[in-house]
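Residues per chain, in single letters:
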Amino acid sequence: MLGLARVTVYLVDLQQRVLAPLLSGPELEVDTTTAGEAYRFESMRLVEGEQGLELWLPLMGGADRMGVLHVVAGSLDQPTLHRCRTLASLLSLIISSQHVHNDGYLRRVRKRNVDLRTEMLRAFLPQRSVGTGRGVSTAVLEPAYEVGGDAFDHAITRDILHATILDAMGHDLASGLTAAVAMAGARNARRSGAGLTQLTGNVGSALSEWLPERFCTGVFSTLDLVGGVFSWVNCGHPAPLLIRRQELVGGALDRAAEPPLGLGLGEDHSYALHQLQLEPGDQILLYTDGVVEARGPDGEMFGLERFVEFIIRATAGGERAPETLRRLIQDIRDYQEGHFTDDATIMLIQWWPALRISGDASGPIDARDR
């Protein structure tokens, strides 16, 4: 009825390395195929195949990349192209509504079984990217199948972007439980209208009450997507980094850190709230120590300079933030010859006050629709 010969949905795996067909068929490499190009660049790709014209369209859940849609058609006029794009949007909505409680989806995106603590933590993790036309937050976490105690969370409430990164003590089931309780405590306070200092106090109290022998470090932050004010509370965690005009602004977000969460400080403790006015195009980097302390075969650490330089080069080349982090975490994995000795989590926040309009062969797309 749509005038299409074949339609296939491909979903990206947990590590964003392959695109797996939802029903059946071979997997496709993200880095080396036309399907991967559509995913990496979030834009349509059109090639001529043996059975007709082949169209690859990204499947987007808001700002989050979920996979690609493969369409084969005998011919491709403007009405057919419109139907294909509409179909991709509809399937994206269906997948977004199903993946949380549909195990069939999870089985397709996992290349092997996860351990128990990872299963628990991944049930709490949000999608990799959230955003509007004014800003985006995107994150990656490794090892994807054996998460110790790292976690991240981000959400948007009207014009406020909320972003959290956590690093729980240890690498056992209790570590995953600590991060899960911290995330739940932060979400509960946020959804009750609490500010950052009250939110941080609630998380600390919850950990002290339910897991008195455990603690975690973390950064709780918000970004006013209209005015560009970045606010944060740092609890024993590496300081956030500011990249402005393709340069690291040394010490811009260095402040005296609060003690780690879960040390019995209580809700009445006065947590220090810090604020900084961003400029259009500014980037904020949040990370855990497993990123910069990743070690190569010779024992040399990946390091902060190499970490930041990767982001700056990718941004200068016009690359989108989700793709930059996808490549960066793979680079860190390769640096350690595929073996992570500690969790590595990266969150990248970008702010632009004016709407950005991007276009590809399928026509202009308003960034808000991503």
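The rules behind each value
- Residues numbered from 1 in each chain as written.
- Predicted model: local features only at pLDDT ≥ 70, side-chain atom pairs only at ≥ 80, totals over all residues.
- Heavy atoms only, no water.
- Helix = DSSP H or I, 4+ residues; strand = E, 2+ residues; numbered from the N terminus.
- Polar contact = N/O pair within 3.5 Å; in protein donor to acceptor, adjacent residues only side chain to side chain.
- Contact = heavy atoms within 4.5 Å.
- Pairing = 2+ DSSP bridges.
- 1 Å grid on protein atoms, 1.4 Å probe; cavity = no way out; pocket = protein on both sides within 12 Å on 5 of 7 lines; lining within 4 Å.
- Points joined across faces, edges and corners; volume = space filled by probe spheres on them.
- Nonpolar A, V, L, I, M, F, W, Y, C, P; charged D, E, K, R; others polar.
- Buried < 20%, exposed > 50% of the residue type's maximum accessible area, 1.4 Å probe, protein only.
- Expected span 1.5 Å × (residues − 1).
- Arc of directions from axis to C-beta.
- Salt bridge = Lys/Arg side-chain N within 4 Å of Asp/Glu carboxyl O.

1. With respect to the side chain of His162
(1) Moving on: Within the fold, His162 resides in strand S10 (residues 160–168).
(2) Moving on: Engagement of the side chain of His162 in a polar contact is seen with the side chain of Thr157, the distance being 3.3 Å.
(3) Moving on: If we skip the residues at most four places from it in the chain, His162 touches Asp153, His154, Ala155, Thr157, Arg190, Ser221 and Thr222.

2. Details of unusual backbone geometry
(1) Moving on: Between Glu142 and Pro143 the backbone carries a cis peptide bond, its omega angle lying at 0°.
(2) Moving on: Here Pro143 shows up in the loop between strand S8 (135–142) and strand S9 (150–157).
(3) Moving on: Even without a glycine there, the phi angle at Glu42 is positive, about 55°.
(4) Moving on: Relative to the elements of secondary structure, Glu42 occurs in the loop between helix H1 (34–41) and strand S4 (45–49).
(5) Moving on: In this model, Arg245 sits at a positive phi of 50°, which is unusual for a non-glycine residue.
(6) Moving on: Relative to the elements of secondary structure, Arg245 occurs in the loop between strand S13 (241–244) and strand S14 (247–248).

3. Side note on the sheet that holds S8
(1) Moving on: Ordered in space as S7-S8-S17-S16-S13-S14, the six strands form an open sheet in which the pairing is antiparallel. Edge strands, defined here as strands with exactly one partner in the open sheet, are strand S7 (129–132) and S14.
(2) Moving on: Here four bridges tie S7 to S8, and the two strands are oriented antiparallel to one another. Paired with Thr132 across the bridge in S8 is Gly135.

4. A short note on the layout of surface pockets
In this approach a probe as big as a water molecule rolls over the atoms, and the regions it shows empty are the leftover space.
(1) Moving on: Estimates place the volume of the largest pocket at around 750 Å³.
(2) Moving on: As for the largest pocket, its lining consists of 31 residues, of which His99, Arg122, Leu125, Pro126 and Gln127 are closest to the centre.
(3) Moving on: Breaking the lining of the largest pocket down by element, the ones donating at least two residues are strand S6 (64–73), helix H3 (103–109), helix H4 (116–122), S8 and helix H9 (321–335).
(4) Moving on: At four residues, S8 tops the list of elements feeding residues into the lining of the largest pocket.
(5) Moving on: In terms of residue class, the lining of the largest pocket is built from 16 nonpolar, six polar and nine charged.

5. Let's talk about the pairing of strand S12 (residues 229–235)
(1) Moving on: Of all seven residues making up S12, six are buried, and the element is well covered by its neighbours.
(2) Moving on: As paired elements, strand S11 (residues 216–224) and S12 share six bridges and run antiparallel to each other. Within S12, the position partnered with Thr222 by the bridge is Ser231.
(3) Moving on: Here S11 hands over to S12 after four residues, with Gly228 in that stretch at a positive phi of 80°.
(4) Moving on: The pairing of S12 with strand S15 (residues 274–277) spans four bridges and is antiparallel. Following the sheet pairing, Ser231 is matched in S15 by Gln275.

6. Topic: helix H2 (residues 78–98)
(1) Moving on: With 21 residues, H2 should cover 30 Å at 1.5 Å per step; its first-to-last C-alpha distance of 30 Å lies within 8% of that length.
(2) Moving on: Inspection of H2 places Thr80, Leu81, Cys84, Leu87, Ala88, Leu91, Ser92 and Ile95 among the buried residues, and these make up the whole buried set. One side of H2 carries all its buried residues, which in axial view fall inside an arc of 140°. Among the exposed residues of H2, those pointing more than 90 degrees away from its buried face are Gln78, His82 and Leu93.
(3) Moving on: Buried-residue contacts for H2 involve strand S1 (6–12), strand S5 (52–61), S6 and H3.

7. Structural notes on the pattern of salt bridges
(1) Moving on: Tallying each qualifying case throughout the model produces 19 salt bridges.
(2) Moving on: For Arg244, the salt bridge is made with Asp282, and the minimal N-O distance between the two is 2.7 Å. A residue pair is termed long-range when its members are at least 10 positions apart, and Arg244 in strand S13 and Asp282 in the loop between S15 and strand S16 (283–287) qualify at 38 residues.
(3) Moving on: Given the relative accessible area of 17%, Arg244 is considered buried.
(4) Moving on: One salt bridge in this structure joins Glu300 and Arg306, with 3.5 Å as the shortest N-O distance.
(5) Moving on: By sharing partners, the salt bridges in this structure join Asp31, Arg65, Glu323 and Arg326 into a single network.

The quantities given are spatial measurements derived from coordinates; they are silent on function.
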